[in-house]
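Listed here are the chains, written in short residue letters.
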Amino acid sequence: MSQRRAAGLRVDIRIVRAVIVAVVLIAAAIGLSFVAAASAPTIRATNAELDTQRSSTERAIERIYATGIDQLKTTRSLKLAITDAQAAVIQTKYNDQLAALRQSALQAVGAANGLTADASAQYAQQAAARLDAALPSSPPVMLAPRLYAIVERMGQLTSQLTDQGIREMTQATPASPSATPTLTGTPRPSTTPSPSPTR
Amino acid sequence: MKLPWMLPWLVAPILAGAVVATMVDVGSLPFVGTEKISAVFFTDGQAYFGHLDDNPLTGTLTMRDVYYLGDAKGRGTDYEASVVKRGTEVHQPADGMRIRRDKVLVIERVGLTSPVARAIAAQRSLDERAR
């Protein structure tokens, strides 16, 4: 009985060798694919390219900011229901908010470039002053997703702010009637009878 | 005249190698050349960019480190399209993207100096700076 079982379990040594070779080859192929994936070359941007990306981002931010400012200016130049002084107050308020938004977007650009919070704030101030003078000129580039996200958010918030400013300027009504009655020049019937002219 | 015994062992691998060489894109082999970024264009017009695993034994292609083009019209950017990194969607897709072969129209290699490739390169460098 035990001899028969031993005979049944007997395996040709050549098959064992073939299986071992196959297993080793498969393991080597898998290992090689892991090594290939880990050591695969990946492209990186140079410092000059990152500078160009930053310039392009600044340019996009400035264009959005200028569009918002222009829209408020155009709205104010229309014939509005409010006085020019009231329109000027609203325009100044939203211009300031747009400037603050641009500052914040530039700060985010600084942070995306690895600057510390203080350095980003300083960079944003310098960049805003630079952008007020002229748009940066650099070759056109497609923005990295991280930088485009800043531009896109700036665009959304600028639209909201500008729409709000325009609404305030165009929907504001002139001074509403006072709750307390005031004297007017309209004639009223006199309570005391006056002699009527006789013929 | 009798051929030397090792002749078949030399000729057969050479012939096999020559046949395989006509079918394999040398540039797509691992450890060869620079990074390979593929552009996969779908029959419905969508396009994705990334590292493509094209295993002929499966019915799907696998793409990793995936980017696609977004609309940037009216955003003040130099191009009217933007590169978006896949993974920021609400379902936060992870572990690559499997694509049905029958939905693919064209697969192309992305030029490493192209605007898309440079944007991807810049994104990676910015990611490293942010760490």
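Quick look at the structure, then. (Residues numbered from 1 in each chain as written. Chains lettered and ligands numbered in written order. Predicted model: local features only at pLDDT ≥ 70, side-chain atom pairs only at ≥ 80, totals over all residues. Heavy atoms only, no water.)

Broken down by element type, chain A carries six helices and zero strands. For chain A, the succession of helices and strands along the chain, N to C, is α-α-α-α-α-α. Burial analysis of chain A (199 residues in total) assigns 30% to the buried set. Contacts in chain A between residues far apart in sequence, at least 24 positions, make up 80% of those at least 6 positions apart. About 13300 Å² of surface is accessible on chain A, with carbon and sulfur atoms providing 60% of the total. (Helix = DSSP H or I, 4+ residues; strand = E, 2+ residues; numbered from the N terminus. Buried < 20%, exposed > 50% of the residue type's maximum accessible area, 1.4 Å probe, protein only. Contact = heavy atoms within 4.5 Å. Areas by Shrake-Rupley, 256 points an atom, 1.4 Å probe, with all protein chains shown as cover.)

This part is about the interface of chain B and chain A. Contacts between the two partners involve 36 residues from chain B and, on the opposite side, 35 residues from chain A. A combined buried area of about 2900 Å² lies between chain B and chain A, and 60% of that area is made up of carbon and sulfur atoms. For chain B, the biggest contributors to the area lost against chain A are R75, D78 and R129 of chain B; these three give 24% of the whole. Taken together, the connections running from chain B to chain A amount to five salt bridges. A salt bridge links R146 of chain A to D127 of chain B, with the nearest nitrogen and oxygen atoms 2.7 Å apart. Put simply, chain B and chain A have 16 residue pairs in polar contact (both at pLDDT 80 or more) between them. (Buried area = accessible area lost by both parts, 1.4 Å probe. Salt bridge = Lys/Arg side-chain N within 4 Å of Asp/Glu carboxyl O. Polar contact = N/O pair within 3.5 Å; in protein donor to acceptor, adjacent residues only side chain to side chain.)

A separate point is the pattern of salt bridges. Residues and elements named next belong to chain B. Throughout the structure, instances matching the rule amount to 19 salt bridges over all chains. Across the pair R101 and D54 runs a salt bridge, and its minimum N-O distance is 2.9 Å. Of this pair, R101 sits in the loop between β5 (97–100) and β6 (104–109) while D54 sits in the loop between β2 (47–53) and β3 (60–71), and the two are 47 residues apart along the sequence. Taking the relative accessible area as the measure of exposure, R101 reaches 30% and is therefore partly exposed. In this structure, D65 and R124 form a salt bridge, with 2.9 Å as the shortest nitrogen-oxygen distance.

Judged by nonpolar contacts, the single largest core of 50 residues is most densely connected at I61, L106, I150 and M154 of chain A together with I37 and F49 of chain B. Listing elements by their share of this core, those giving two or more residues are α3 (47–77), α4 (84–112), α5 (117–133) and α6 (145–171) of chain A together with α2 (115–130) of chain B. The element best represented in this core is α4 of chain A, accounting for nine residues. Among all residues touching M154 of chain A, those that are not within four sequence positions of it are I61, I64, Y65, L101, R102 and A105 of chain A. (Core = buried A, V, L, I, M, F, W, Y, C linked by side-chain atoms within 4.5 Å.)

With that out of the way, let us pick up empty space enclosed by the protein. Tallied over the entire structure, the rule returns one cavity of 30 Å³ or more. Space inside the largest cavity adds up to approximately 30 Å³. Surrounding the largest cavity, V141, M142, L143 and Y148 of chain A together with T77, D78, Y79, A81 and S82 of chain B form its lining. Its residues placed into classes, the lining of the largest cavity shows six nonpolar, two polar and one charged. (1 Å grid on protein atoms, 1.4 Å probe; cavity = no way out; pocket = protein on both sides within 12 Å on 5 of 7 lines; lining within 4 Å. Points joined across faces, edges and corners; volume = space filled by probe spheres on them. Nonpolar A, V, L, I, M, F, W, Y, C, P; charged D, E, K, R; others polar.)

Bringing the packing of aromatic side chains into the picture now. Aromatic ring pairs are defined here through the distance separating the ring centres and the angle between the ring planes. Residues and elements named next belong to chain B. Counted by the stated rule, this structure contains two aromatic pairs over all chains. Pairing F42 with Y48 gives two aromatic rings, centres 5.5 Å apart and planes at 50°, and the pair type is tilted. On the basis of relative accessible area, F42 is assigned to the buried category, the value being 12%. Seen in terms of ring centroids, Y48 and Y68 are 5.9 Å apart; in terms of plane orientation they differ by 65°. Their pairing is edge-to-face. With a gap of 20 residues between them, Y48 in strand β2 and Y68 in strand β3 connect regions that are remote in the sequence. Overall, the relative accessible area of 22% leaves Y68 in the partly exposed class. Grouping aromatic residues by their ring pairs yields a cluster made of F42, Y48 and Y68. (Phe/Tyr/Trp six-rings, centres within 6.5 Å; stacked < 30°, edge-to-face > 60°.)

What follows concerns the pairing of β5 of chain B. Residue and element names in this part refer to chain B. In β5, alternate side chains face the same way, and those of M97 and I99 are buried while those of R98 and R100 on the opposite face are not. One ladder, built from four bridges, connects β3 with β5; its direction is antiparallel. If you follow L61 over to β5, its bridge partner there is I99. (Pairing = 2+ DSSP bridges.)

Attention now moves to the environment of Q103 of chain A. All names here are of chain A. Note on placement: Q103 falls in helix α4. Take Q103: its relative accessible area is 24%, and that puts it in the partly exposed class. Sequence-distant contacts of Q103, defined by excluding residues within four places in its chain, comprise A121, A124, Q125 and A128.

This brings us to a nonpolar patch on the surface. On the surface, L3, W5, M6, L7, W9, L10, V11, I14 and L15 of chain B cluster together to form a nonpolar patch covering roughly 1000 Å² of accessible area. Relative to the elements of secondary structure, M6 of chain B occurs in the segment before α1 (7–23). (Patch = residues over 30% accessible without salt bridge, like charges linked within 9 Å, V, L, I, M, F, W, Y side chains within 5 Å.)

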